[in-house]
Structure formats: structure tokens, C-alpha cells
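As a plain string of letters, each chain reads:
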Amino acid sequence: MMTLKQEDPAIYDLIQEEADRQEYGIELIASENYTSKAVMEAMGSVLTNKYSEGYIGKRYYGGNQVIDKIEAIAIERCKQLFGCDHVNVQPLSGSPANAAVYFAVLKPGDKVLGLKLDHGGHLSHGHPVNFSGMLYNFVQYEVDKETGRIDMDKVREIALREKPKMILAGFSAYSRNLDWKRFKEIADEVGALTMADISHIAGLIAGKAIESPVPYFDIVTTTTHKTLRGPRSAIIMCKDKMIQKMVKGELKEVSLAKEIDKGVFPGMQGGPHDHITAGKAVAFGEALKPEFQTYAKNIIKNMQAMADELMKRGYKIISDGTDNHLVVIDMTSKNVSGKEAEVALEKVGISTSRSTIPFDPRKPMDPSGLRVGTAAITTRGFDENDSRKVADIMDRTIQNKDNDEALKAIRQEIVDLCKAHPLYK
């Protein structure tokens, strides 16, 4: 980045500072990962100069011959990766992707069933402060208070009582596999559409480490970073089928794929970010390689090893374990709040995110939980032994959260561990 260094040394220096933070820190935020250099090069290319409102062969701007080819590759690779009928690779981010789906198949006020935020759901799954909760009538299911798991019988009870237009399955802080088939059976029983938000687990699904909702669900959205290890962006997949939709006051049969595309453009956004589309294409190509399946399986192994070590040390894990890349730790088991734990760990170079826990008595900005994930450390080569070592370091950090000398020594341990696993070799 010599040109940037010359033209804007202030920004250059801050980028280098962030590069050092990532290189010598342990990233446990469950929604973060490290892209490959190839993905970053695609995102930093001349493609950022282009505007391509519309779709392949039907653009509202000239000069899109190359962009059409790039988008076609991204679409084809995504179809191959997930086995979907149709995919739109233009959504700019996860929440806008979900908004485009709602816009495409619902009308304001329609009823949707989704997972409650403090039970592991996402803001865009119907929280009252979010557009989803403001525009649509979300009713929400919870996890069981004793097990910390979704009770599918209760999901069915709510669905039968509320008769939602759509049932949404997905999460941002839930550590167990979802029963896609059962969700589909319940939706069929009440005549609802099905939507899965796999933003957190897309990489695990692409890597064949856990089951995919694509064979069962009508619509599947996902971000393309997190476990999928691509750009900060999103996609929408759906079945090639006809659905019933109110059009100008009349119930009509329409193509789901076409409605999704219209929901994205012109419904929710203008031109796509073509440099990001290229980054997605590169990431999908990487995920199609056999080594990505090993990576996906290792993410889960590492998270299970870390969770096991934490539980041995007396930490309460919501649902008592994990099937995926993350856990939520009830930090009150160690008499600290989630915020206190996050701040202490940040001092030694471990990035985490505070999190509410089910039935949390504390406020959202200072909740009881801490969410951690292993996608990023697995990318840089950490194994199960390293993951247990990280759990040990976390425990000692929490115990010594007010001891600056102890934290300084722990910080050096982390630097040494990171040097053993360089981020970009």
C-alpha cells in the first residue's frame, strides 16, 4: 500500500495498527473471520469503479460486459456450493437481505414466527426496535429455560395458534443444530413459507459439517463472511417454485425467484457492489475446495474442545455444549458480567462480544453472557490443544481481571501463541 502511505499516511498508519492488532490478538468474536488475500485483492480492485444497476444482460448502465461474467461466476459457484435452485448475489449485507425477503413475500403487518433476540435470534428476526418488528407482526419462540434448547413442540404450538405467514429459523447466538425438517413440517401444517437465516453457520453447511436447510426451506439467506470466510456481504437463495401473493389486492400465483430478485432490486437497493461480488465469487471458489471441508469440521472440534475446557473450569455454557462454531457463556457462574469479561479479555488481546442469555435479568448493554466462536482462530491454524489453551488463558484473565501485572504476563503469552500461528504467511 505504498500509494496510500504517500497520499494519506494517517489512514495508512491506522490500517497498519489494525493489522498488528489482528496479527497479535486472538479473535473469538463469533461473527468475525479472516478472508484470504485473494478475496481482499478482488475487493480492492478496479471493479469498485463500476455501476451495474440491474441483472445480467438487463443492466441500466452500459459497459457491464465484464461485470455480467463475474456475477455469473459468483451465481454458478454458489449454486454448486449450496445446491440451491436460484441465488441472488447482490444483497449488500445480512439485514438488507432479510429485508428484501420480507419485502418480496410479505406485506406490512403480516405475521412471522422467529426466534427471540435474547434467546439467540437476530435483530432482523422481529425485535421491536428493528425495522422487522416495526413493519411486520412477529411472534417469537424461545429456548427452554432448563435445557437452553429450542423446544420444537412449543414452536408447533405457537405456529398452530398464531398461523404465521412465514416461519423463520436462524440465530446469532445459539450453539445447537436446528431441526430443519421439523420446521418445514410445522410450516406445511399451518400453510406458512419457510425462511432460514444461516449467516452464522453458512461455512459449516458449505463445508458439509452440519445439515443444510436448502433441501427443505423455501428461502435461505446468509451473510458471506463469518464461517464462510468471504467479504462482508450477503446472498439470498430460494427454490424455483410458484407461491401465492397479494398483488394489487388480488391473490395471484407468482415465481418466488422473480419476487426475490425484485425484492432486492429495485425493491431494497440500487446497484450492487461489483468489487464485493467478485470477492464472493473468490470465496465460493475457495469453499468448493476439499480443504474447506476440513476447515469447517475443525471449527466445530475447536469450539467443542474450548467449551469442554471452560465447563471443566466451572463456567456455565448455555445448552451445556455446542454443535457449531460458538457458545454463549453465562458469566454469572464466575460472578462477573458479560461486559466485565469482555473488557478484561480485551486488555490481554482477546476479542469477544458480550451477549444476553435466555431470561437475562441484566440490561442489554451490560448483559450476563459472553459469546465466543472459533472460526477465526481455526483459519489461522489453531487446533484442539490450542483451543484448550485459549480457554485456560481466558480463565486466568477473568480470575486476574484487576491485576495489571498478571494481565501483562498473559498478554505476552497471547503474542507468543499468535506468532506460532501467523495470520498471513
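None of these values were measured; they are calculated from a predicted model. (Residues numbered from 1 in each chain as written. Predicted model: local features only at pLDDT ≥ 70, side-chain atom pairs only at ≥ 80, totals over all residues. Heavy atoms only, no water.)

## With respect to helix H10 (residues 256-268)
- The largest bend in H10 amounts to roughly 30° and is located at Lys 262, with the proline Pro 266 lying one to four residues further along.
- Buried residues of H10: Leu 256, Ala 257, Glu 259, Ile 260, Asp 261, Gly 263, Val 264 and Phe 265, and no others. (Bend = angle between axes of the 7 residues up to and from the residue. Helix = DSSP H or I, 4+ residues; strand = E, 2+ residues; numbered from the N terminus. Buried < 20%, exposed > 50% of the residue type's maximum accessible area, 1.4 Å probe, protein only.)

## Focus on the sheet that holds strand E14 (residues 326-330)
- Read across the sheet, 4 strands follow the order E13-E14-E17-E16 without closing on themselves; strand pairing throughout is antiparallel. For this open sheet the edge positions go to strand E13 (316-317) and strand E16 (353-355), each flanked by a neighbour on one side alone.
- Note that E13 and E14 share 2 bridges and pair antiparallel. Across the sheet, the residue bridging to Ile 317 is Ile 329, located in E14.
- On the sheet, helix H12 (residues 290-312) packs against E13, E14 and strand E17 (369-373) and is oriented at approximately 15° with respect to E14. (Pairing = 2+ DSSP bridges. Contact = heavy atoms within 4.5 Å. Axes fitted to C-alpha atoms, helices over the stretch in contact; angles between N-to-C directions.)

## Some words on the sheet that holds strand E6 (residues 137-141)
- Pairing in this open sheet of 7 strands is mixed, and the strands run E4-E10-E9-E8-E7-E5-E6 from one edge to the other. Looking at strand neighbours, the two that pair on one side only are strand E4 (86-88) and E6, the edges of this open sheet. Going across the sheet, the axis of each strand differs from the next one's by a mean of 20°, ignoring polarity.
- In this sheet, strand E9 (residues 219-223) lies alongside strand E8 (residues 193-197) in parallel orientation, the contact comprising 3 bridges. Its bridge partner being in E9, Ala 196 is matched across the sheet by Val 220.

## Considerations on the pattern of salt bridges
- All told, the structure shown has 28 salt bridges when counted by the stated rule.
- Linking Glu 162 and Lys 111 is a salt bridge whose minimum nitrogen-to-oxygen distance equals 2.8 Å. In this pair, Glu 162 is assigned in helix H7 (residues 152-162) and Lys 111 in strand E5 (residues 111-115), connecting sequence segments 51 residues apart.
- Here Glu 162 falls in the partly exposed class, since its relative accessible area comes to 21%.
- Its salt-bridge partner being Asp 188, residue Lys 184 comes within 3.1 Å of it at the nearest N-O pair. With Lys 184 and Asp 188 both in helix H8 (residues 180-190) and 4 residues apart, this pair spans about one turn of that helix.
- By sharing partners, the salt bridges in this structure join Asp 308, Glu 309, Lys 312, Arg 313, Arg 388, Asp 392, Asp 395, Arg 396 and Glu 413 into a single network. (Salt bridge = Lys/Arg side-chain N within 4 Å of Asp/Glu carboxyl O.)

## Quick look at the pairing of E14
- Among the 5 residues that make up E14, 5 are buried, leaving the element largely enclosed by the rest of the structure.
- In this structure, E14 lies alongside E17, joined through 5 bridges in antiparallel fashion. Bridged to Asp 330 within E17 is Gly 369.

## Let's talk about a nonpolar patch on the surface
- Where nonpolar side chains cluster on the molecular surface, the patch consists of Met 1, Ile 11, Leu 14 and Ile 15 and spans about 370 Å² of accessible area.
- Looking at Met 1, the relative accessible area reads 53%, which means it is exposed. (Patch = residues over 30% accessible without salt bridge, like charges linked within 9 Å, V, L, I, M, F, W, Y side chains within 5 Å. Areas by Shrake-Rupley, 256 points an atom, 1.4 Å probe, with all protein chains shown as cover.)

## A word on the pairing of E5
- Most of E5 is tucked away, with 4 of its 5 residues classed as buried.
- Where E5 lies against E6, 5 bridges are found, and the strand directions are parallel. Its bridge partner lying in E6, Leu 115 is registered against Tyr 141.
- Pairing analysis gives 2 bridges linking E5 to strand E7 (residues 166-170), with the strands arranged parallel. Bridge pairing links Leu 113 to Ile 167 in E7.

## Some words on the UniProt feature "modified residue: N6-(pyridoxal phosphate)lysine" (unreviewed entry) in the protein chain
- Feature annotation in UniProt assigns "modified residue: N6-(pyridoxal phosphate)lysine" (unreviewed entry) to the following positions: Lys 226.
- According to the relative accessible area criterion, Lys 226 is buried, its value standing at 10%.
- Setting aside residues up to four positions removed in sequence, Lys 226 forms contacts with Ser 31, Asn 33, Ser 199 and His 200.
- Here Thr 223 takes part through its side chain, which lies 3.1 Å from a polar atom of the side chain of Lys 226. (UniProt positions renumbered as here; feature names shortened; annotations may be inferred. Polar contact = N/O pair within 3.5 Å; in protein donor to acceptor, adjacent residues only side chain to side chain.)

## Focus: the environment of Ala 169
- Topologically, Ala 169 is positioned in strand E7.
- Taking the relative accessible area as the measure of exposure, Ala 169 reaches 0% and is therefore buried.
- Residues Ala 169 and Pro 213, spaced 44 residues apart in sequence, show a C-alpha to C-alpha distance of 9.4 Å.
- Not counting the four nearest positions on each side in its chain, Ala 169 is found in contact with Tyr 141, Leu 178, Trp 180, Phe 183, Met 195, Ala 196, Asp 197 and Phe 217.

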